[in-house]
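# Observations on the model geometry
These are the residues of each chain, in order.
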Amino acid sequence: MTEETPGFDEHDEPADVSDGAASKKAADAADSAEPSTSEGPAGRAGDASAQNVGLTAELDQVRTALAERTADLQRLQAEYQNYRRRVERDRIAVKEVAVANLLSELLPVLDDIGRAREHGELLGGFKSVAESLETVAAKMGLQQFGKEGEPFDPTIHEALMHSYAPDVTETTCVAILQPGYRIGERTIRPARVAVAEPQPGAQSVKDGVDGPEQAEGSDAGDGADTADGTGKGGKDAKSKDSGGPDEG
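Below: a short report on this structure. Model, not experiment: these values are computed from the prediction. Here the residue numbering is sequential within each chain, running from 1 through the sequence in written order. With pLDDT at 70 or above as the cut-off, local features in this predicted model cover only qualifying residues; side-chain atom pairs require 80 or more to be listed or tallied, and sums for whole chains, interfaces and linings still use all residues. Note that water and hydrogens are dropped before the side-chain values are worked out from all heavy atoms of the structure.

## Considering the overall build of the protein
The helix and strand labels rest on DSSP assignments: H or I over at least four residues marks a helix, E over at least two residues marks a strand, and numbering proceeds from the N terminus. Assigned secondary structure in the protein consists of four helices and six strands. Along the chain direction, N to C, the helices and strands of the protein fall in the order α-α-β-β-β-β-β-β-α-α. The rule is simple: take the accessible area with a 1.4 Å probe, protein chains only, and divide by the maximum for that residue type; under 20% is buried, over 50% is exposed, in between is partly exposed. Scored against the burial criterion, the 248 residues of the protein give a buried share of 13%. Surface accessibility of the protein: about 18900 Å² in total, with carbon and sulfur atoms responsible for 55%. The protein chains shown are the only cover counted for residues, whose accessible areas, like all others here, come from Shrake-Rupley with a 1.4 Å probe.

Laid out in structure tokens, this is it:
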């Protein structure tokens, strides 16, 4: 009855093996849990720093894009301002050209009005119409120029007649055949004038007149010296007088 049963021993050995394996697994799990617990804050800090670096890089990209868009907007605004100035300048130039063309067509009418005024024919209703036309032309910027006696300027004068005059010292406008007109600094028509220049021999004649006067003055001086007996003539006469008795 004391004989051992083989099946009972075999059953106990596997039970011991399973218990040892379970305890080993539990120890391994505890060992693996301890390092993860100790390395947890460092890992979170690393993740936070990496996230900050990414956000900083993204912020730099946004700032760069904003600077580029701002520069583009400023460039577009400057181009628009230049465009507006160009359009305004062109508009003013076109207006000036249109006004100049219109007034150029009216210049013959203004010339007729001026001739009628010179001959005393600007009377009655024609006079009021002519004055109204001249007033409107002046409001549009038309200015008349050209006067007798002013120096000749080829940029604003057109010489149709030429002569010489003794009473002028430079090329001078002596008669206004047709007045000139301008708008601001732009000349629509130059003044058509008759000019006179100084006579070519006037200066030489003047110099020749001054020369004989000086010569006569010098001769008179010599004569005075001779009369006093102190000049050259006086010395010659004295020596001649003194030489007479010696020869006798």
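Past the structure itself, the notes keep going.
## With respect to the packing of aromatic side chains
Each Phe, Tyr or Trp ring (for Trp, its six-membered ring) is paired with any other whose centre lies within 6.5 Å, and the angle between the two planes then decides the class: stacked below 30 degrees, edge-to-face above 60, tilted in between. Under the counting rule described, the total for this entry stands at zero aromatic pairs. A ring has a charge above it when a Lys NZ or an Arg CZ is no more than 6 Å from the ring centre and no more than 35 degrees off the ring normal. Stacked on the ring of Phe 145, the Lys or Arg Arg 182 has its end atom at 4.2 Å from the ring centre.

## What about the side chain of His 157?
In this structure, His 157 sits in strand E2 (residues 157-165). Within the structure, His 157 has its side chain in polar contact with the side chain of Glu 150 (distance 2.9 Å). When near neighbours in sequence (up to four residues on either side) are disregarded, His 157 contacts Glu 150, Pro 151, Phe 152, Cys 173, Pro 190, Ala 191 and Val 193. Any pair of nitrogen or oxygen atoms within 3.5 Å is treated as a polar contact; in protein, a donor-acceptor pairing is required on top of that, and neighbouring residues in sequence qualify only through side-chain atoms on both sides. Contacts: residue pairs with any heavy atoms within 4.5 Å of one another.

## Focus: the pattern of salt bridges
For this document, the term salt bridge refers to a Lys or Arg side-chain nitrogen within 4 Å of an Asp or Glu carboxyl oxygen. Evaluated as defined, the whole model comprises seven salt bridges. Its salt-bridge partner being Arg 91, residue Glu 88 comes within 2.5 Å of it at the nearest N-O pair. Residue Glu 88 and its partner Arg 91 are both found in helix H1 (residues 6-118); the two are separated by three residues, about one turn of the helix. Using a relative accessible area of 47% as the deciding quantity, one classes Arg 91 as partly exposed.

## Regarding helix H2 (residues 124-139)
An ideal rise of 1.5 Å per residue puts 22 Å on 16 residues; H2 measures up with 23 Å between its terminal C-alpha atoms. Of the residues flanking the end of H2, it is Gly 141, one or two places downstream, whose phi is positive at about 100°. Multiply 1.5 Å by the residue count of a helix minus one, and that product is the helix's expected span.

## Things to note about a nonpolar patch on the surface
What makes a patch is a set of residues exposed beyond 30% relative accessible area and free of salt bridges, joined within 9 Å when like-charged and within 5 Å when nonpolar (Val, Leu, Ile, Met, Phe, Trp, Tyr). On the surface, a cluster of nonpolar side chains totalling about 310 Å² of accessible area is made up of Tyr 80, Tyr 83 and Val 87. Mapped onto the fold, Val 87 is located in helix H1.

## Observations concerning the sheet that holds strand E1 (residues 142-145)
Read from one edge of the open sheet, three strands run E1-E4-E5, paired in antiparallel fashion. Looking along the sheet, the strands with just one partner apiece sit at the ends: E1 and strand E5 (186-189). Neighbour to neighbour, the strand axes of the sheet diverge by 35° on average, direction disregarded. Any two strands between which DSSP finds at least two bridges are classified as paired. Note on geometry: axes are C-alpha line fits, over the in-contact stretch for helices, and angles between N-to-C directions span 0 to 180 degrees.

## Brief notes about the nonpolar core
Take the buried Ala, Val, Leu, Ile, Met, Phe, Trp, Tyr and Cys residues and link them wherever side-chain atoms come within 4.5 Å; each set so joined is a nonpolar core. With 14 residues, the main nonpolar core has Leu 103, Leu 107, Leu 110, Leu 142, Ile 183 and Ile 188 as its most contacted residues. Residue contributions to this core peak at seven residues, all from H1. Look past the residues within four positions of Leu 103 in its chain and what remains in contact with it is Ala 137, Met 140, Leu 142, Ile 183 and Ile 188. The next biggest cluster of nonpolar side chains, apart from the first, holds five residues, and it includes Phe 145, Ala 191, Val 193 and Val 195.

## Observations concerning the sheet that holds strand E3 (residues 172-178)
With mixed pairing, three strands are arranged side by side in an open sheet as E2-E6-E3. In this open sheet, the two strands that pair with only one neighbour each are E2 and E3. The sheet shows a mean angle of 25° between the axes of neighbouring strands, direction not considered. Here eight bridges tie E2 to strand E6 (residues 191-198), and the two strands are oriented parallel to one another. Bridge pairing in E6 links His 162 to Val 195.

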